Amino acid sequence: MRILPYISTAISALLFLLLSWFPALSIVRAAVQFSSPLPLEVRSPYLNFWTPVATSNSELTDTEFFFTEAFDGRTALIRIDGVTHSIFGQTSLIGPIELTATFFSPIEPGDWVRQSIPFTYLQFELEVTDGNAHDIQLYLHTQSGDFFVSDGGQNITWSAVSTGQSVYEMAQLQTQRVFSENAGGQAEWGQYYFATAWSNDITYGVDSADSLISTFSAQGSLKTVPDSISPVEGINNISTAFALTRNFGNITTNATAVFAIGFVQDPAVQYVNPTGEPQWRVPYYKTKYSSPGSLIDGFLGDFEDAWSRGLELESQIDIDAESEALPADYYSSLLSLVTRLTYASTVLTVGETPVGVLDPTDVMMFMRNSGAAAATNRVNPAEVLYAAFPMFMYFDPTLGGRLLEPLLRYQSSSYYTQPYAALDAGTAYPNASFASAFHNQGVEQTANMLIMMYAYARASGDGSLINKYYPLMERWANYLVDKALFTTSEESADLQTGANQTNLAIKGIIAIKAMSVMGAAIAKSTDYSATANAYYNQWKSLALGSDLHVLSHYGNESSWSLGYNMFADRWLQTGLISEDIITAQVNFLRSANITRTSPPFGIAGIGIPLDSWRPDNVTYSSNMFVAGFADQTLQRLILSGMESHPLADDASIANLTTTSWSARLVQSITSPSLLFSCAFIVTGV
């Protein structure tokens, strides 16, 4: 298995980190070897399927993973001159036919309708290699029950429909439990779709997988697709499959077939508004597509243009790029993973007026924090949004405001009474139910929110959130003035506790500085600037060693920290961190013995710890900070570990097993944004 290198390896230190999480077309090539999880259908929190973590000698089969659940839900066959062959698990050359299977999950900057469509393309390309004519049929089935049912005890209803432009099969739980998940994290409401463009060469089937395969192998076809709905119900029928076939007939050159796979929740999220009442949020694409048939027709009909847009975006990335920064052999697959992790964790929604009409002015984007090790399915967790924010600011800054709005709207009301920012918009996605609860990450989350608000305003040119929520921001800034410099009893996003953490303090100081700029932009108080400058000078006197490297805690000369929160100063260009500190920090980290297999510095094949205070733990957020330093040994040490286990965000020396590193599909996005920081610090951009 390989990922097509649509992104140039010649990318500058800054722009490589800034842009290249996005291989323009998230590509999975059928049936070659792979060593990392790879994205298949990754378009929403519930359409989020990957290949499993595997050894270097494993091949792609029809097994996929959704968080902790494993499924055998995908089978593809090709019938050549009356002989049927399996596609997944074979080489790409099958007899006289070279076949490529491409999973394509588009990213659509600037187009909210397209970006909000929870569908993935699956394209099969066939090429005859011997110059002779061959009679060819293609078969693909999905076992739709796998998408819903973990225990096999629920009824599923199926239907097959022809719109005249497309043919689609739909499956859903007979009993819909809106806004509920089962024990495996699967949605218990919504509809699964499997579709292709209509032609006289298409046939379909809904039956046991064995029966469908047997019929196709014998006949090369199944049934003719009906023009109306024909429901079928079953109990314990997880093994029941949807199948679509395409008869190419006799071909001598090449042929292509495109399928669409989607999973739709409508409504998508329940949000508690500032009056305390729940509001059902619907997918944004409904502002254009009002029915499943029109949505599927539009999506399938857009394939060629979507592919072209992907290539155009890749070209623009190449134009922006200038020089190679990181070892591409380790990095290319990781870029694809973290981009898809980020976008697949989100859903863009629109509200409705009191009379049930869609309100295109009321747009919110929700993010689900999920994965095998996640304590809760948190909604819009502030520290995860912060980690993902640089990516959104590059691809589509307007989405930044939509991600912040659910947090800001509620916290600006009288229902929220804490002086600091909330951890999240709720703890049970898809239910965004706020609580005005105490927590001890006040500096961390408040700084995250103010930094993101400034980043959004700078990147988008939209100051409306600052104007609308300035009283809330002022309350937050005053909290940081009181708490940021000396962080007594505060906890960081890395779950570090204790007083006077240098890395946490500098984030709070940078946020105060950002607040001063935002205040000045709307003719409000600029006193925060003087405070930030004074705090920074105090921080320097307390947080740096004699060689100016960053300590983990004030005054502890024997300690060290990566100090990755300095990144925000360069990102926002707030101008606090001086060049001598950056130079000293880079020199200190480069001079450390990074290849040692024991603390205090380095875990072979995994990376380096966050700081000397917790030397036996590695977090990807810290690793990505230093991955861009111009030290190839350091880069390869870090990136090789993340390629092997890219879906985890934290590891301990005593706990380095594939099982313990099971998928944290959203927490992993803490990695991408910190890629920026190493580039900013090293290059001084």
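Remember, it's a predicted structure, so these values are computed and weren't measured experimentally.

### Concerning the overall build of the protein
Stage number 1. Looking only at helices and strands, the protein has 17 helices and 25 strands in total.
Stage number 2. Each of the 685 residues in the protein was classed as buried or not, and the buried ones make up 63%.
Stage number 3. Across the protein, every contact between residues at least 6 apart in sequence was considered, and the portion connecting residues at least 24 apart equals 71%.
Stage number 4. Total accessible area on the protein is roughly 23000 Å²; 48% of this is exposed by carbon and sulfur atoms.

### Things to note about the nonpolar core
Stage number 1. If you look at the biggest cluster of nonpolar residues, it comprises 160 residues, and the most contacted ones within it are Phe124, Phe392 and Trp539.
Stage number 2. Here this core takes eleven residues from helix H9 (residues 442–460), the largest share from any one element.

### Quick notes on the environment of Ser413
Stage number 1. You can see Ser413 is positioned in the loop between helix H8 (398–411) and strand S23 (431–432).
Stage number 2. For Ser413 and Pro274, which are 139 residues apart along the polypeptide, the C-alpha to C-alpha distance reads 5.8 Å.

### Description of empty space enclosed by the protein
Stage number 1. This structure, assessed with the given rule, holds four cavities of 30 Å³ or more.
Stage number 2. Considering only enclosed or pocket space, the largest cavity measures out at about 250 Å³ in volume.
Stage number 3. Lining the largest cavity are 26 residues; nearest its centre among them are Arg43, Ser44, Pro118, Thr346 and Val347.
Stage number 4. Secondary-structure elements contributing two or more residues to the lining of the largest cavity are strand S18 (254–264), helix H6 (328–344) and strand S21 (346–352).
Stage number 5. Quantified by volume, the second largest cavity comes out at close to 90 Å³.
Stage number 6. Each residue belonging to the lining of the second largest cavity can be placed in one class, and the counts come to three nonpolar, eight polar and three charged.

### A look at the packing of helix H10 (residues 464–483) against helix H12 (residues 527–543)
Helix-helix packing is described using two parameters, namely the angle between the two axes and the distance between the axes.
Stage number 1. It is at 12 Å that the axes of H10 and H12 come closest, and there the two elements cross at 25°. Our classification of the angle between H10 and H12 gives roughly parallel. Where H10 crosses over H12, the two elements pack in a sense that is left-handed. In contact with Tyr470, Glu474, Ala477, Asn478, Leu480 and Val481 of H10, H12 contributes Tyr528, Thr531 and Tyr535.

### Some remarks on H10
Stage number 1. In a regular helix each residue adds 1.5 Å, so 20 residues correspond to 28 Å; H10 covers 28 Å between its end C-alpha atoms and thus fits that length.
Stage number 2. Taken as a whole, H10 carries its principal kink of about 75° at Tyr470; the proline Pro471 stands between one and four residues after it.
Stage number 3. Here the buried face of H10 lies against H8, H9, helix H11 (502–521) and H12.

### Overview of the pattern of salt bridges
Should the charged atoms of two oppositely charged side chains come close, the side chains can pair.
Stage number 1. With the rule as written, the count across this model stands at 15 salt bridges.
Stage number 2. A salt bridge links Glu405 to Lys468; the nearest nitrogen and oxygen atoms lie 3.6 Å apart. Remark: Lys468 occurs in helix H10 and Glu405 occurs in helix H8; sequence separation between them is 63 residues.
Stage number 3. Judged by relative accessible area, which is 3%, Glu405 ranks as buried.
Stage number 4. When salt bridges that share partners are traced, they join Glu108, Asp111, Arg114, Asp302 and Arg309 into one network.

### A short note on the sheet that holds strand S19 (residues 269–272)
Stage number 1. If you walk across this open sheet you meet the five strands as S22-S21-S20-S19-S23, and the pairing is mixed. The sheet terminates laterally at strand S22 (358–367) and S23, the two strands that pair on one side only.
Stage number 2. In terms of strand pairing, S19 meets S23 through two bridges, oriented parallel. Bridging from a neighbouring strand, Gln270 pairs with Asn431 of S23.
Stage number 3. Packing against the sheet, helix H7 (residues 382–395) makes contact with S21 and S22, and its axis sits at approximately 115° to S22.
Stage number 4. Contacts from H8 reach S19, strand S20 (278–283), S21 and S22 within the one sheet, and its direction differs from that of S22 by about 90°.

### Some words on the side chain of Gln496
Stage number 1. Relative to the elements of secondary structure, Gln496 occurs in the loop between H10 and H11.
Stage number 2. Within polar-contact distance, the side chain of Gln496 engages the side chain of Asp611 at 3.3 Å.
Stage number 3. Gln496 has contacts with Glu490, Glu491, Gln501, Leu610, Asp611, Trp613 and Arg614, leaving out every residue within four places of it along the chain.

### Examining the pairing of S19
Stage number 1. Here S19 shows two buried faces, one formed by Val269 and Tyr271 and the other by Gln270 and Val272.
Stage number 2. Pairing of S19 with S20 involves four bridges; the strand directions are antiparallel. Its bridge partner lying in S20, Val272 is registered against Pro278.
Stage number 3. Connecting the antiparallel pair S19 and S20 is a turn made up of five residues, with Gly276 showing a positive phi of about 90°.

### Let's talk about H9
Stage number 1. Between its terminal C-alpha atoms H9 stretches 27 Å, which fits the 27 Å expected from 19 residues at 1.5 Å a residue.
Stage number 2. In terms of burial, H9 is largely enclosed, as 16 of its 19 residues are buried.
Stage number 3. A positive phi of about 75° marks Gly461, the residue just after H9.

How each quantity is defined
- Residues numbered from 1 in each chain as written.
- Predicted model: local features only at pLDDT ≥ 70, side-chain atom pairs only at ≥ 80, totals over all residues.
- Heavy atoms only, no water.
- Helix = DSSP H or I, 4+ residues; strand = E, 2+ residues; numbered from the N terminus.
- Buried < 20%, exposed > 50% of the residue type's maximum accessible area, 1.4 Å probe, protein only.
- Contact = heavy atoms within 4.5 Å.
- Areas by Shrake-Rupley, 256 points an atom, 1.4 Å probe, with all protein chains shown as cover.
- Core = buried A, V, L, I, M, F, W, Y, C linked by side-chain atoms within 4.5 Å.
- 1 Å grid on protein atoms, 1.4 Å probe; cavity = no way out; pocket = protein on both sides within 12 Å on 5 of 7 lines; lining within 4 Å.
- Points joined across faces, edges and corners; volume = space filled by probe spheres on them.
- Nonpolar A, V, L, I, M, F, W, Y, C, P; charged D, E, K, R; others polar.
- Axes fitted to C-alpha atoms, helices over the stretch in contact; angles between N-to-C directions.
- Parallel < 35°, antiparallel > 145°, perpendicular 65-115°, else oblique.
- Left-handed = near helix turned anticlockwise from the far one by under 90°.
- Expected span 1.5 Å × (residues − 1).
- Bend = angle between axes of the 7 residues up to and from the residue.
- Salt bridge = Lys/Arg side-chain N within 4 Å of Asp/Glu carboxyl O.
- Pairing = 2+ DSSP bridges.
- Polar contact = N/O pair within 3.5 Å; in protein donor to acceptor, adjacent residues only side chain to side chain.

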